[in-house]
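Examining the three-dimensional arrangement
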Amino acid sequence: MKDITIDYALRATWQAVARMYNEEAKGFGSTMAVGFTLLSIDPKTGTPSTALGPKMGMEATSLSRILKSMEEKGLIQRKPNPKDGRGVLIHLTEFGLEKRKDSKDVVLRFNEVVRNNITEEQLHCFFEVMETINTLVIEKKIHITETTN
């Protein structure tokens, strides 16, 4: 285990989780990306389309394709933002709210299974490590590429 890099462990684990979520989503006729988007939209007030990408850590073009697909499937509707005449709010439809509940149930079940298989101390350490890595990356304290002579 000590020969495995931190990057590899993060990537391999996330890829396994993503595959699992996509398999689950397939059973609902959906994808992990759609489920994640459903969970990122405020179910009561909607979410400004411009805030959704940064909230999800996605590029606008990728999100745009997902939103278009979700609109075609009747999961969301776009409405003018009453606070900003130029903006658009993304709202969940009744069908979108149902699918959001399915997505939330899958995420909660994943969390429950993981929590039942590790101790609170392990979980606390995990979140501390993830927070530290995230902070190092965000604050650009990790310089992957260095010039060599």
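A brief structural summary. Computed from a prediction, not measured in an experiment: that's the story for all the values here.

**Quick notes on the packing of aromatic side chains**
Inspection of every chain in the model, using the stated rule, returns two aromatic pairs. Where Tyr21 meets Phe110, the ring centres are 5.7 Å apart and the plane angle is 55 degrees; that geometry is what we call tilted. Of this pair, Tyr21 sits in helix α1 (residues 6–26) while Phe110 sits in helix α5 (residues 94–117), placing them 89 residues apart in sequence. Arranged with centres 5.4 Å apart and planes meeting at 65 degrees, the rings of Phe126 and Phe127 form a pair that is edge-to-face.

**A look at the nonpolar core**
Residues Leu52, Leu67, Met70 and Ile76 are the most contacted members of the largest nonpolar core, which totals 13 residues. Broken down by secondary-structure element, the contributors of at least two residues to this core are α2 (32–40), α3 (49–56), α4 (60–72) and β3 (84–92). The biggest single contributor to this core is α4, with four residues. Residue contacts for Leu67: discarding those within four places in its chain leaves Thr37, Leu52, Ile76, Arg78 and Ile90.

**Description of the pairing of strand β2 (residues 76–81)**
Pairing of β2 with β3 involves six bridges; the strand directions are antiparallel. Paired with Lys79 across the strands is Leu89, a residue of β3. Counting the residues in the hairpin turn of β2 and β3 gives two residues.

**Points about α4**
The terminal C-alpha atoms of α4 lie 18 Å apart, and with 13 residues this matches the ideal 18 Å at 1.5 Å per residue to within 8%. Listed in full, the buried residues belonging to α4 are Leu63, Ile66, Leu67 and Met70. End-on view of α4: buried residues confined to an arc of 100 degrees, all on one side of the axis. The exposed set on the far side of α4, more than 90 degrees from its buried face, consists of Thr61, Arg65, Lys68 and Glu72.

Rules of the game
- Residues numbered from 1 in each chain as written.
- Predicted model: local features only at pLDDT ≥ 70, side-chain atom pairs only at ≥ 80, totals over all residues.
- Heavy atoms only, no water.
- Phe/Tyr/Trp six-rings, centres within 6.5 Å; stacked < 30°, edge-to-face > 60°.
- Helix = DSSP H or I, 4+ residues; strand = E, 2+ residues; numbered from the N terminus.
- Core = buried A, V, L, I, M, F, W, Y, C linked by side-chain atoms within 4.5 Å.
- Buried < 20%, exposed > 50% of the residue type's maximum accessible area, 1.4 Å probe, protein only.
- Contact = heavy atoms within 4.5 Å.
- Pairing = 2+ DSSP bridges.
- Expected span 1.5 Å × (residues − 1).
- Arc of directions from axis to C-beta.

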